[in-house]
Every structure is written in C-alpha cells, then in structure tokens.
Amino acid sequence: MTDILMPALSPTMEEGTLAKWHVKTGDTVRSGDVIAEIETDKATMEVEAVDEGVVSEILIAEGSEGVKVNTPIARLQGEGEAAAAPAPAAKAEAAPKAEAAPPAETDSARASREQATDPVSKPAPVAAAPAPAKAQQTGERIFASPLARRLAEQKGLDLSAVKGSGPHGRIVKADIDAAQPGQAKAPAAQPSAAPQQASAAAAPRQVQSLEQQGIPAGSYDLIPLDGMRKTVARRMTESFRDVPHFPLTIDLEIDGLLAARTRINALLEKEGVKVSVNDMVMKAAAVALKRVPEANASYTPEGIAMHHHADISMAVAVPGGLITPIIRAAETKGLAQIASEAKDLAERARNKKLKPEEFQGGTFSVSNLGMFGIKTFASIINEPQGCIMSVGAGEKRPVVRGDKIEIATVMSVTLTCDHRVVDGATGPLPAGVQGADRRTADDDRLRPAMTSIYDFTAETIDGQPAPLADYRDKVVLIVNTASKCGFTKQYAGLEELYRKYRDRGLVVLGFPCNQFGQQEPGDAEEIKSFCSLTYDVDFPMMRKVDVNGPSAHPLYAYLKAQKKGVLGTEGIKWNFTKFLVDRSGKVTGRFAPTVEPKALEGAIEALL
Amino acid sequence: MADQFDVVVIGSGPGGYVTAIRASQLGFKTAIVERSELGGICLNWGCIPTKALLKSGEVYEQLDHLRDYGLSVEKRGFDFDGIVQRSRKVAAQMNSGVTFLMKKHKIEVVQGTARLEKGSPAPTVVVGSRKLTAKHVILATGARARTVPAIGLEPDGERVWTYREALVPKAAPKSLVVVGSGAIGMEFASFYRALGSEVTVIEMMPRILPVEDEEISKTARKVFEKRGIKFRVPANVKKLTKSKTGVSLDIEADGKAETLNAEVCIVAIGIVGNVEDLGLEALGVKVEKTHIVTDKHGATGVPGLYAIGDVAGPPWLAHKASHEGVHCIEHIAGLRPTNLTSPIPGCTYTTPQIASVGLTEAQAREQGLDPKVGRFPFRVNGKAVAAGEVDGLVKTIFDGKTGALIGAHMVGHEVTEMIQGFALAMTLEATEAEIQATVFPHPTMSEAMHEAALDAYGRVLHL
Ligand SMILES: Cc1cc2nc3c(=O)[nH]c(=O)nc-3n(C[C@H](O)[C@H](O)[C@H](O)COP(=O)(O)OP(=O)(O)OC[C@H]3O[C@@H](n4cnc5c(N)ncnc54)[C@H](O)[C@@H]3O)c2cc1C
C-alpha cells in the first residue's frame, strides 16, 4: 500500500487546492499517468503517478482547499497486494486535529486553573514550510524551544523544514504539532532558492490595525489574502529588506532597434512570428549577460553562483499578481524563437498553466512597463537573482548630438542590482545592453531569413553606398585587409586574381579592418593611397569595418554564420580571411589568412 | 463631542485598568468607567488588603515561636483595629496608584455605573446622562461572592460575612466557621487563626484546596491542622441559623449529621460574574453560568464588544484578568500575539503558602501522559532549616515521553514568590534538561525546585 502525498510544486509551496481528480477508486494507474490536478497560488499542475497500482482510496476530495504539502491524498494498492481496510489514521492526518482535549472541569472555584492555558496560545495551524534543506549543513542556527527540539527529534522531523511561529520566529511546540509527519525531508528544493528562505523566519512585524491608523472599519472592503498575494508579499518584503540593492539607469536610443524590428518582422511575417521590443530587450540582455557574467549571478552563503546560461525571467502580470516565466538560455536563442516562447509562456501564465520548472530558477529578470507609458522604474530584485532590469517606454526625446539637439527614440532602462553580487565596476552592464541592442538587430539566428549577401549594403572607401546587390551574378571574394600585416603582400595576389578572372565575372572586395593587432590604423585616404601606390589595387576597397564583436558589420555577421572557421568558431582570426560567394550570393567557402590567393584559383574557377 | 473614544473599558479592576493602560500605549483614545473604587476587587477588596491582613497575622503568629530563634518578648498582643486600618491604608495607597496611572496615560476616568445600548461600530456606553461612543468596548466588570440565601449562606454584616465584611470587621471573632476551602476561604481561615480564633473549615469536595495537587493539599492540611485549624471534609451545609450570639450550621460531614456553633460564618463558596443590569440580553451577548462567553481573544460576538477577567470566566485571578485584557487590546490593535502557551499560576497566601502551575499529577495521568514526578521536602533544605520554615515540599511533573515540564506544585514558606520560575520554564517550553542544568543559588529555598526536578529523573542529590 502506498500513500500518494500532496506534492510540493515549488520550494515555497505550503499548501494547495486539489482541483481535480483524474482517477477514481478502483482505477488502475501506471507510473506517469496523470491522476490529479493541483492548484497553487502560482499554477495548476498535473500530478503524475510514480508507482503502479490500483487506487484503493481517495483521501482528499476534489476541490479541497488548503491541503498541506505531504498530506496523503490517495492510497495506491500495489499489484498482488491484498486489499486492506483503509487505515483510519489517514483522515486524521489530513485534517490535523487540536491537541488532546482538556480534562473535565471540577465545579470548584478555581478548578479550571490547572489546565488553563493562555488564551493566546491555541496552536495556530502553522504550516511547516518546506524550507532550506541546507540550513543545517551550513551550520545556520535554528531557533527552537527545547521542547520543540526534542519533539522534532522524536518525530524524526527536520527542524530546518519547520517554520517557527514563536517570538522572533522561534520554533515552538505548536509548530511541531502542526507539522506533517512527512516533513522529515524537505522536498527537493532548488538550491538557488535555499539561502533566501533561511530568512523566512524573520521577526513578525508589529503592525497597527487600520482603525488604529485612523481608517475606520466599514470605510473599505477587505479582499482576503490569497496564496499568490501572500507569496508576493513575503518574497518582495524579504527581498527589499534583506537584499542590499541599488539602481542604475541608462537611456538607450532605439531607433536602430526599431528599424531592425520592422525589418525582422517583415522577414518573419510568413512564419507568423512577431518580435516585440521586449523580446529584443530580452535577447539583448542575454547577450549582455554573456559579456558581463558578473551580472548573471546569485549570492549564496557559500559563494557567488555564476550561472552558465542567461535564463531570463520575464515578468508577466496575471490576475491577482505577477509571475515570471523563463526563457531558458536566451543567449543561444534567435529572436524568432524567443518571441514565440515568450508569447506561449505569457499566455499559459495567464491561464495558470505553467509548470513549476517554467517559472522557477531564472538567473535574470526583465520587467517591462513601457506599454503603460512608464518612463523609468526600479523593480525589486527577484531573489536569488542578482539583477532585474526595468524597461520603460520608448518615446521620442530630444538628444544632444555634438552641439545639436536632435530627436531620437529613447528608452530608459534601470538595472536593480544586488550589491553582494554586482559591484559598481559591474555597473556598466546597461552599457553592455546598449551595445548588444545594436547587435540584436543583426541577430545571427535570423540569418536563415536573410538568404544572400545581396541583402547587405557596404560603403565604399570613398563613402559611397555599395549595395552588394550590385554584384549579383558575380563570383565575389570578400577579404578583410590591413596595411601593416605580415599578410599584407597578399594584396598583390588578390589583385592578380582580380585581373585574371575579372572578365569572367570575379569581383574582389577589400574590407579594411583594424581589429587584428591594430594593423590598419589609418583613415580611408591613407588606406586608399597605400593600396593603389604599393600594390596597384584596382578591385573595390570598402570603408573600414569591424568584422568581430557587437559592432561587426552585418555582412560579416552573415558571412561568419554561413561559414564557420576551423573548430566551428565564427570569429575571424586575423587579417586576410577570405570568403568566397557564388553567383547566387551564397557563401561557398571560407579561407584562412594563411591560404595564399593563388591557391584559390581552383575554387574560383569552379564557380565561374 | 468629548464623549467619543476609541476604547471604553467598563470596570477598573486588574483586568480593566491594565487593559486601559495598554490601550493608551497603543495609541487609542481611552476611557474607563468605574462605579466604585479604581482598582476593582483586587486592590480594594481582594488580593491586596488580604495580603496586608495576612502579614499582620503571620508576624503575630511568629511571636509564638520566638524562643525557637533564641528570642523573647515580654508581652504580645494586637490592636485589631490597627490591623484593619493598615490593610485599608495599603488598599488606599494602591488605589491612588491607579488614579495616578490613569492620569499618566491620559485615560479618562468616568465615575458611575455603565450600561450598554445598541450602537455602531460598538455598543454605546451609557453612564448616567452621558453617552460614550467607542469603536471598541471592553467589559471587565468582575465578579462578586456567591451566596445561597435559601440555606442562610447570605451575608448580614454581623454574623454572616463574605470577604467584604471579613476584611473590615470590628473585632476578631472568638470562633469562626469558614464555608469553602478555596484560596479565599483558606486565607481568611489562616488569618483569623493566626489571631487566635477557633476556626473550622467546611469543604464539600473530598479534600481542601480542591484544585491543588492532592499531595499538596494533604501536606497543607497537615500544617493547617498543626496550627489548630479544624476541618470537616467532605461536608455539606444543610442550614445556617443565626442567633444573637452567633451562628449554628447544620452540616452533613462524612455522611453524619452535625451541628457547628460559632460567633461568625464566612461564606467563600465561589463567585458569580457581574453580568446584570448591563443590557447584555438586549444586545444578544451570550452568558453562561453568570459568565460572558467569549472567543480566545475576548470577543463576545457582538461587534465591537469584548469581555475579559473574572466576568469572562475562570480562573478568577487578577493576573489572568490583566493578561487577558492585554491580549484582547493587542488583538484589537492588530498586533500578532506570540504563539506560546502561557500557563497561569495560582497562589494561596496562607501559612503555609501554596503555589502551583500547570497540571496536577492526577490530571497528567487522566490525560494519559505517563508523568515523571519529582519531590523535594523543605525539611532537608538548608535555608529552610536556617529560617525555621521546614514545612512543605516542591513537586515537579514532567511529561515522561518528551521531558516537558507540565506541572509544578509547592507548599511552604514564601513559595508564591518562587512559582514564577516554573511558569517561566513552562512558557519557554523547557524540558528537564534545562531545569537540571540551571544553577540555583545556595542557600535558598529555591534549591528545592532544582532538587525536585532532579528527583523526577532519579538524580536527587540531598535525599
Ligand atoms: C478576598 C479576595 C482575595 C483575592 N486574592 C487574590 C489573590 O491573591 N490573587 C489573585 O490573583 N486574585 C485574587 N483574588 C481574585 C481577584 O481579585 C480577581 O480575580 C480580580 O479582581 C478580577 O479582576 P477583574 O478586573 O476581572 O474584576 P474586578 O477586580 O472584580 O473589577 C471589576 C470592577 O468593575 C466594576 N464594575 C462592575 N460593574 C460595573 C458597571 N456596570 N459599571 C461600572 N463599573 C462596574 C466593579 O466596581 C469593579 O471595580 C481575590 C479575590 C478576593 C475576593
């Protein structure tokens, strides 16, 4: 006979509603079968059977509210097990009863004194919160009365799993009496959630009643606190009180981002995906977090946890509260994927259909109130995350450029940082976001939507626009060049190739770049004269560009994504990396700087 | 107008006046209504004046034993009027203390008898021509002596007294019958016996001080008997008849009819709550056996109306009244009470004194607790021997399973001053380990408390 216990859907869950039974007494269940639906303040979740057997008894009726975690909710009879009479204890456990009844009173004057206990003291039904399994290992002191300690020992209860209701959060007898026997082990709490729970036992705040504060009863309606409200209240209070937080605000010009969004959405139209500004902000934040890993971290008593991925929690308003579903490893995902995931998560959050793992355990939060016209705000840290970013409305504002005032679309974002994790030196994170937002416009993952180099425009060394579409139907060799490099003499070889195959349709495009050993320091004029004077370069030279990093030219981002280097990395290693593009604009080859231009003849001829 | 308050407390006993002080501390505009003296029964006609009388009796009785201490006195005697006057002076001093406290806490004292009328958000308090409105009204009207006029158990101020008359008599009676062996009855028996009265105590239950642990009440009885107090236990009063010179009581003791004659009879058979003429019925307040029914916070169920102290039920003790009042007003203020069990100790200030907290041994067994019981007599306690106060014992009761201290009982010299040690231990949820590990100063009578805790676990040192 196995008891099926009320599961804890989250480390903070204390009780839930048994919303629906999917099985009835006598049903055979196999492990993995959905047997019930549990509803908490945050979500509705299906309970799956772990064992096989026949449901011999349903202990908690459908629709029961406030079912404490670990209360037996049903009985399962294993195969071949004789049908046993249901143990009567089960029901008593389900509805914890008060302590033994007091003895009968004598009718003498002070008769009842002996057993009189403080009227205050009726053990309040204090739920034992599944709490930090870690507390004991870390030697954190647990305050409990001597009797509570002994009772816990006798019952085999883990004191760290019990929430104290005595003075200053001390665990007293009533707490142990109210704790469920199944509390022996804290349910698998997410380790990252543990440290913050240790403070849950903070001293109860003495609060004056509204009446006492001059708000008469009857002048307001009282909405009872539901589970979500209580959880929000507790978590926010604890975070705001216990996390040393500071806000950093920066203004971002997002005209580029908006233009990119329009472009991207046009490309994605046929796929039915629409990327929002918030999706782009999340992507930008994820990219920035990879660049500034200190901000993608959690404070724990054991040390700073540096998260491997940017799991972005996005704040979603739901009726009666707030929930933060997570875009996992957002830095690895394309905008289109982020957009569709975000849409799906938000929708299911509003319908309370999220699974716990979908809203627990993010590493960084993004909260956006821009749609409400909020200009700036500083969110409260979502523990145990190190930072939360508050995104305001994008609006046209005057900006000073040089000595002129211009109009730009500006969006203010504020990063609230946990100072235990993020120091002032990490502060420039928003700047990182700013860099990343530009890059987002050229999100690599969107490349499949951009099908050829003809989608890009470069700039000639003379400052003229050079749409690559001009080279349609030609074989194009694209090279990043430098004037002071060991490979610089390859200019000669390149010019030779150009001259040899020019008539058959080859074009060589040189993109000076100063990113490798700063071997291209000069300005356009210097580069131009160097090329023509020293190597008699006749093929088109372009304006100096970045080929790596956030400000890399979009063309290069595309080229690199199409043809990765050796070892599968995208980044360009040095000057004179060569990309070969066929007549349809497809990148067909990538050649290292060490490959002499002459060695490319075969490849070029094949394309011609 | 001026008669609007946040809180109006009715009755200024230890329940009412303490509640008013706490209310004022919490920022409530507070008034207290009292029909007679500030301080209620406790300060004026209860706890305090009795203790003054008892002290006089105790000192006087000590004179009998001066030789034991190597002392002598030429002529001993007492001025009965002086004893009573001292008691009244003590009461008056405490009473003016309450007056000062009310002023200090800016609590308006309204003299007069209060009555309740329907009102909102709380009933209106009518005192004479004044109508006091408040958001919260707290009843602390206390209680008075129970009498049974049908069989003559009714005070007449001459031959038959309640505690009221017993506190201010013209002279000490030569002979006295006390009906009821609870704390009040025994205190008067003890006092008058100390002054030389012939005292007989009648108790209906099988033993005296029936709420105390059986062993304690037995030990106490022995000491009382040594002092010359006589008992009829168990015994029922059939009829009391008065004559010019005294009273005669027809009783049935141990199944046999008997007649007791005495100058005076004191009726101490319990109390009844002051629930009359308050307008409770019209408001729909539930009253059971002369006491107002409340929830654990003192709420009566009528919006804005609360009751605490003696009028809200047993135990009828001043500190219970104060504790309930503070809890009630803090609850009203929205403060969260700590989740603790605060057992209420009980004390009887006779010679010997009796003090106890928690369960008796019998109650523990009734609850199926398998108690571990420890005892230690004062006879072998150094300080008790030095002080010549060797009567009595300390008894501790632990839960055999958990080691929690669940009861402590004492009889002996000044044990009322020691019981708080055990009360504190119980409130802190101490087990035998903490009490045994506590260092008790030597030489003190409190060492017997330590020994009794050790004894419960077979570790007693001085036996
Ligand atoms: C002789 C004696 C000795 C005692 N000794 C002890 C002791 O040693 N230790 C101990 O703990 N307890 C002792 N008690 C019990 C103790 O006195 C009471 O438990 C305590 O006084 C109860 O307090 P209270 O505030 O509830 O009521 P009370 O003290 O009875 O006060 C109630 C007050 O309300 C007033 N009142 C009533 N109705 C109205 C009305 N309608 N309008 C206005 N005012 C009203 C009364 O005049 C009274 O002043 C003793 C009692 C007696 C009689």
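Residues numbered from 1 in each chain as written. Chains lettered and ligands numbered in written order. Predicted model: local features only at pLDDT ≥ 70, side-chain atom pairs only at ≥ 80, totals over all residues. Heavy atoms only, no water.

Residues and elements named next belong to chain B. Near the ligand lie 38 residues; those nearest to it are Gly15, Glu34, Lys51, Asp310 and Ala318. Arg35 places a polar main-chain atom, nitrogen or oxygen, 3.2 Å from a nitrogen atom of the ligand. A distance of 3.3 Å separates an oxygen atom of the ligand from a polar backbone atom of Cys42. If you list the elements that add at least two residues to the shell around the ligand, you get helix H1 (14–25), strand S2 (30–34), helix H2 (40–45), helix H3 (47–62) and helix H9 (318–332). With four residues, the top contributor of residues to the shell around the ligand is H2. Considering only residue class, the shell around the ligand consists of 18 nonpolar, 15 polar and five charged. (Near = heavy atom within 4 Å. Polar contact = N/O pair within 3.5 Å; in protein donor to acceptor, adjacent residues only side chain to side chain. Helix = DSSP H or I, 4+ residues; strand = E, 2+ residues; numbered from the N terminus. Nonpolar A, V, L, I, M, F, W, Y, C, P; charged D, E, K, R; others polar.)

Residue and element names in this part refer to chain B. Reading across the sheet, the five strands line up as S20-S21-S24-S23-S22 and stay open at both edges, with antiparallel pairing between neighbours. The sheet is open, and its two borders are formed by strand S20 (346–348) and strand S22 (371–377), each paired with just one other strand. In this sheet, adjacent strand axes meet at a mean angle of 10° when their direction is disregarded. Of the pairings in the sheet, the one linking strand S21 (residues 353–358) to strand S24 (residues 405–412) comprises six bridges and is antiparallel in character. Each bridged residue has a counterpart across the sheet, and for Gln353 the counterpart in S24 is Gly412. Relative to S22, helix H14 (residues 447–455) is tilted by about 140°, and along the sheet it contacts S22, strand S23 (392–399) and S24. (Pairing = 2+ DSSP bridges. Axes fitted to C-alpha atoms, helices over the stretch in contact; angles between N-to-C directions. Contact = heavy atoms within 4.5 Å.)

Once that is clear, we can look at the pairing of strand S2 (residues 15–21) of chain A. All names here are of chain A. Across two bridges, the pairing between S2 and strand S7 (residues 67–68) is antiparallel. Each bridged residue has a counterpart across the sheet, and for Gly16 the counterpart in S7 is Val67. Where S2 and strand S4 (residues 34–39) come together, four bridges link them in antiparallel fashion. Note that in S4 the partner of Trp21 across the bridge is Ala36.

Moving on, we come to the pairing of strand S10 (residues 198–202) of chain B. All names here are of chain B. Along S10, four of the five residues are buried, which leaves the element largely enclosed by surrounding structure. Each parallel crossover has a hand, and for strand S9 (residues 175–179) linked through helix H6 (residues 183–194) to S10 it is right-handed. As judged from the three bridges shared by S10 and strand S11 (residues 230–232), these two strands associate in the parallel manner. By the bridge assignment for S11, Thr200 is matched with Lys230. A crossover connection joins S10 to the parallel S11 through helix H7 (residues 214–226); in handedness this β-α-β unit is right-handed. (Buried < 20%, exposed > 50% of the residue type's maximum accessible area, 1.4 Å probe, protein only. Right-handed = clockwise from strand over helix to strand, strands pointing away.)

Attention now moves to the confidence of the model for chain A. All names here are of chain A. Overall, the prediction assigns chain A a mean pLDDT of 78, with 80% of residues at 70 or greater. Every residue in residues 82–138 is under pLDDT 50, and counting partners more than four places away or in other chains gives 135 contacts. The model gives residues 434–449 a pLDDT under 50, and that stretch makes 43 contacts with residues more than four places away or in other chains. (pLDDT = per-residue confidence, 0-100.)

Our focus in this paragraph is the nonpolar core. By size, the foremost hydrophobic cluster in this structure holds 50 residues, and its most contacted members are A:Met282, A:Ile312, A:Phe364, A:Val366, A:Met389 and A:Met411. The element contributing the most residues to this core is helix H9 (residues 335–350) of chain A, with eight residues. Among residues more than four places away in sequence, those in contact with A:Met411 are A:Ile250, A:Asp251, A:Leu252, A:Ile254, A:Val277, A:Val281, A:Val391, A:Gly392, A:Ala393, A:Gly394 and A:Arg397. Formed by 35 residues, the second largest nonpolar core is a distinct cluster that contains B:Tyr60, B:Trp161, B:Phe191 and B:Leu393. (Core = buried A, V, L, I, M, F, W, Y, C linked by side-chain atoms within 4.5 Å.)

With that settled, consider the packing of helix H12 (residues 490–501) of chain A against helix H13 (residues 524–535) of chain A. All names here are of chain A. Closest axis-to-axis distance for the H12/H13 pair is 10 Å, and the angle between their directions is 75°. In this view, H12 runs roughly perpendicular relative to H13, as classed from their interaxial angle. Contacts from Tyr491, Ala492 and Glu495 of H12 reach H13 at Phe530, Cys531 and Tyr535. Of the residues in the contact of H12 with H13, the class split is five nonpolar, no polar and one charged. (Parallel < 35°, antiparallel > 145°, perpendicular 65-115°, else oblique.)

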